[in-house]
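Secondary and tertiary structure notes
Here's the letter readout for the chains.
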Amino acid sequence: MYVLSDSLGETAEYAVRAAVSQFDYDTIDIRRIPFVDDISTLDEVLVSAKENEALIVYTLVVPELSAYLRERSAALGLEAIDLMTPLLERIARRTGQRPKHKPGLVHKLDEDYFKRVEAIEFAVKYDDGKDPRGILRADIVLIGVSRTSKTPLSMYLAHRRIKVANVPLVPEVAPPKELFQVSANRIIGLTIHPEALHQIRTERLKSLGLGLSASYARMERILEELEYAENLMKRLGCPVIDVTNKAVEETASLILQMIRGGRIR
């Protein structure tokens, strides 16, 4: 059996192997011929298929190639099964749209998927300043005090295929040297009103079953952290976004606008 495709042909081969598995036949030779994009290649394959009395299965989305293969196979007395055209025609009738007839589009979708997964894994690996080396590899670096939505924002942007590292700012901990080695245009500072942060941290302590006397939620501590973060952001010269009362989606939208506008590069 010859499996022809104008892309990789993996899907067509998988379908053929699934069909073959339904038969007690161990000697079927399946030959996949990928990236068939011209008539001369088709002619070479058809000659070989004729010599081997092969059954042809194909997924050619370019109409001219598909029509040529169908006509030449019939002329040579070869049986050729078109897996793609009937499905394209049914979908076209149902949707009212015309197919693009461009090979390899599914693999572009796959590439997009894997880029998204890679960005998500990156966000997890370089979350909360775990490894400062991620700062140098990131598309964007988020900095801010605790509870300014750095982690959920990193994950949201990762689903947009953006590699994000985030670094918590704590007065007692020196910022990683890598922050000063990347362009300020790739760093985004996140700030928040003290009262809003006080409420968020208070609720956080309650959810953890901890006492409200912890310095984490004291207003004096919050003001100290915010002042420290503000001074560092000014020193870095990075853009700053106030996340007070903003949903993660809103903040992400602002960042995406900055990227499209060339302010982040």
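Before reading on, note that the structure itself is shown above.
Residues numbered from 1 in each chain as written. Predicted model: local features only at pLDDT ≥ 70, side-chain atom pairs only at ≥ 80, totals over all residues. Heavy atoms only, no water.

Relative to each other, helix 2 (residues 39-51) and helix 3 (residues 63-75) sit at 30°, their axes nearing to 11 Å. Judged by the inter-axis angle, helix 2 sits roughly parallel to helix 3. When you trace helix 2 past helix 3, the crossing you get is right-handed. Facing I39, L42, D43 and L46 of helix 2, the residues of helix 3 in contact are L65, Y68, L69, R72 and S73. Along the lines of polarity and charge, the residues of the contact of helix 2 with helix 3 split into 6 nonpolar, 1 polar and 2 charged. (Axes fitted to C-alpha atoms, helices over the stretch in contact; angles between N-to-C directions. Helix = DSSP H or I, 4+ residues; strand = E, 2+ residues; numbered from the N terminus. Parallel < 35°, antiparallel > 145°, perpendicular 65-115°, else oblique. Left-handed = near helix turned anticlockwise from the far one by under 90°. Contact = heavy atoms within 4.5 Å. Nonpolar A, V, L, I, M, F, W, Y, C, P; charged D, E, K, R; others polar.)

Time to look at the layout of surface pockets. Its boundaries defined by the atoms lining it, the second largest pocket holds a volume of some 270 Å³. Around the second largest pocket sit 17 residues that line it, and V145, S146, R147, T148 and K150 are the ones nearest its centre. For the lining of the second largest pocket, the secondary-structure elements that each account for two or more residues are helix 7 (150-158), helix 8 (194-207) and helix 9 (219-236). In terms of residue count, helix 7 provides more of the lining of the second largest pocket than any other element does, 3 residues in total. Residue composition of the lining of the second largest pocket, by class: 7 nonpolar, 4 polar and 6 charged. (1 Å grid on protein atoms, 1.4 Å probe; cavity = no way out; pocket = protein on both sides within 12 Å on 5 of 7 lines; lining within 4 Å. Points joined across faces, edges and corners; volume = space filled by probe spheres on them.)

Attention now goes to unusual backbone geometry. Of note, E53 is a non-glycine position whose phi angle comes to about 50°, a positive value. Position of E53 relative to the elements: it lies in the loop between helix 2 and strand 3 (56-59). Here N245, not a glycine, exhibits a phi torsion of approximately 60°, which is positive. Looking at the secondary structure, you find N245 in the loop between strand 8 (240-242) and helix 10 (248-260).

Any two side chains of opposite charge can pair, so long as their charged atoms come close to each other. Evaluation of the coordinates by the stated rule reveals 12 salt bridges. As a salt-bridge pair, E13 and R17 come within 2.9 Å of each other at their nearest N and O atoms. Linking E13 with R17, this pair stays in helix 1 (residues 10-20), spanning 4 residues, or about one helical turn. Classification of E13 by relative accessible area gives buried; the value is 14%. When salt bridges that share partners are traced, they join E172, R201, R221, E224 and E225 into one network. (Salt bridge = Lys/Arg side-chain N within 4 Å of Asp/Glu carboxyl O. Buried < 20%, exposed > 50% of the residue type's maximum accessible area, 1.4 Å probe, protein only.)

In this section: the sheet that holds strand 6 (residues 164-168). Spatially, 6-5-7-8 is the arrangement adopted by the 4 strands of the open sheet, whose pairing is parallel. The open sheet has two edge strands with one neighbour each: strand 6 and strand 8. When the angles between neighbouring strand axes are averaged without regard to direction, this sheet yields 25°. With 4 bridges connecting them, strand 5 (residues 140-144) and strand 7 (residues 187-191) associate as parallel partners. (Pairing = 2+ DSSP bridges.)

Our focus in this paragraph is the pairing of strand 3. Alternating residues of strand 3 divide into I56 and Y58 and V57 and T59, and every residue in both groups is buried. As defined by bridge partners, strand 1 (residues 2-5) adjoins strand 3 across 4 bridges and the pair is classed as parallel. Bridged to L4 within strand 3 is Y58. Note: strand 3 against strand 4 (residues 80-82), 3 bridges, orientation parallel.

In this section: the environment of K102. With respect to the helices, strands and loops of the structure, K102 is situated in the loop between helix 4 (85-95) and helix 5 (105-125). In this structure the C-alpha to C-alpha distance between K102 and E71, which are 31 residues apart in sequence, comes to 21 Å.

With parallel pairing, the 4 strands of this open sheet are ordered in space as 2-1-3-4. The open sheet terminates on both sides in strands that have one partner only, identified here as strand 2 (31-33) and strand 4. Each strand of the sheet is rotated relative to its neighbour by a mean of 20°, with strand direction disregarded. Two elements, strand 1 and strand 2, share 3 bridges in a ladder whose sense is parallel. When the bridges of strand 2 are listed, V3 appears paired with R32. Against the sheet, helix 3 contacts strand 1, strand 3 and strand 4, and its axis sits at roughly 170° relative to strand 3.

Let us look at the packing of aromatic side chains. The final tally for this structure, using the stated rule, is 1 aromatic pair. With a centroid separation of 4.6 Å and an interplanar angle of 55°, the aromatic rings of F122 and Y126 are classed as tilted. An identical accessibility class is assigned to F122 and Y126; each is buried. The positively charged end of R201 is found above the aromatic ring belonging to Y216, 4.5 Å away from the centroid. (Phe/Tyr/Trp six-rings, centres within 6.5 Å; stacked < 30°, edge-to-face > 60°. Lys NZ or Arg CZ within 6 Å of the ring centre and 35° of its normal.)

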